[in-house]
Amino acid sequence: MNARHTIVACAAALAALTILPGCAVSRGQSSVGEYIDDATITTAVKAKFVEAKSVDATSIKVETLNGEVMLSGFAKNGTERSEAENLARHVNGVKAVKNQIVVRS
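Every chain is numbered independently, its residues counted from 1 as its sequence is written. Side-chain atom pairs in this predicted model are given and counted only at pLDDT of 80 or more, local residue features only at pLDDT of at least 70, and totals for whole chains, interfaces and linings cover all residues. Side-chain measures were taken over the full set of non-hydrogen atoms in the model, leaving aside hydrogen atoms and water.

- Under the annotation held in an unreviewed UniProt entry, the protein chain carries the name BON domain-containing protein and is attributed to Ideonella lacteola.

### Comments concerning the overall build of the protein chain
Argument step 1. Segments assigned H or I by DSSP are reported as helices when at least four residues long, segments assigned E as strands when at least two residues long, and all are numbered from the N terminus. The number of helices and strands found in the protein chain is three helices and three strands.
Argument step 2. Walking the protein chain from its N terminus toward its C terminus, one meets helices and strands in the order α-α-β-β-α-β.
Argument step 3. For the protein chain, buried positions account for 25% of its 105 residues.
Argument step 4. Using a 1.4 Å probe, accessible areas were evaluated by the Shrake-Rupley method; residue-level cover was limited to the displayed protein chains. As displayed, the protein chain offers around 7,500 Å² of accessible surface, 59% of which is attributable to carbon and sulfur atoms. Exposure categories follow from relative accessible area, calculated using a 1.4 Å probe and restricted to protein chains: below 20% of the type maximum is buried, above 50% is exposed, and the middle band is partly exposed.

### A closer look at the sheet that holds strand 1 (residues 60–65)
To summarise the sheet geometry, strands pair through backbone hydrogen bonds and adopt either a parallel or an antiparallel arrangement.
Argument step 1. DSSP-based pairing: two strands are paired if at least 2 bridges between them are found. Here three strands make up an open sheet; going across it, the order is 1-2-3 and the pairing mixed. One side of each edge strand has no neighbouring strand; the edge strands of this open sheet are strand 1 and strand 3 (96–103). Each adjacent strand pair in this sheet contributes to an overall mean axis angle of 10°, direction not counted. The angle between two axes is taken between their N-to-C directions and runs from 0 to 180 degrees, where each axis is a line fitted to C-alpha atoms and a helix contributes only its stretch in contact.

### Brief notes about the pattern of salt bridges
Argument step 1. Think of a salt bridge as a Lys or Arg side-chain nitrogen and an Asp or Glu carboxyl oxygen that are within 4 Å of each other. This structure, assessed with the given rule, holds three salt bridges.
Argument step 2. Here Glu 63 ties to Lys 61 by a salt bridge, and the two come within 3.9 Å at their closest N and O atoms.
Argument step 3. For Glu 68, the salt bridge goes to Lys 98, with nearest N and O atoms at 3.3 Å. Taken together, the residues span a long stretch of sequence, with Glu 68 in strand 2 (residues 68–75) and Lys 98 in strand 3 at a distance of 30 residues.
Argument step 4. Residue class for Lys 98 comes out partly exposed when judged on its relative accessible area of 43%.

Structure below.
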């Protein structure tokens, strides 16, 4: 029986060494910590929009990847578009802002 247990243990170890590296984060993917940081940044930017009466938080979408914030959606005018970008830039953890907000005419 002892040999059988050894064989089973070796097979389980080999399977773990073969399968588990596939679960590792590879280049180009976010780690769990980075994902949480990005979610925190997104939430903070949205909160700034809600606090600022000059920006319609419901019309602007916020997405964050590796600290880079992308703004999309619609603004009533250029001032609102600029204000949204400015608010996003001043949130802790933001590395860059891509402003793709369209001004409604």
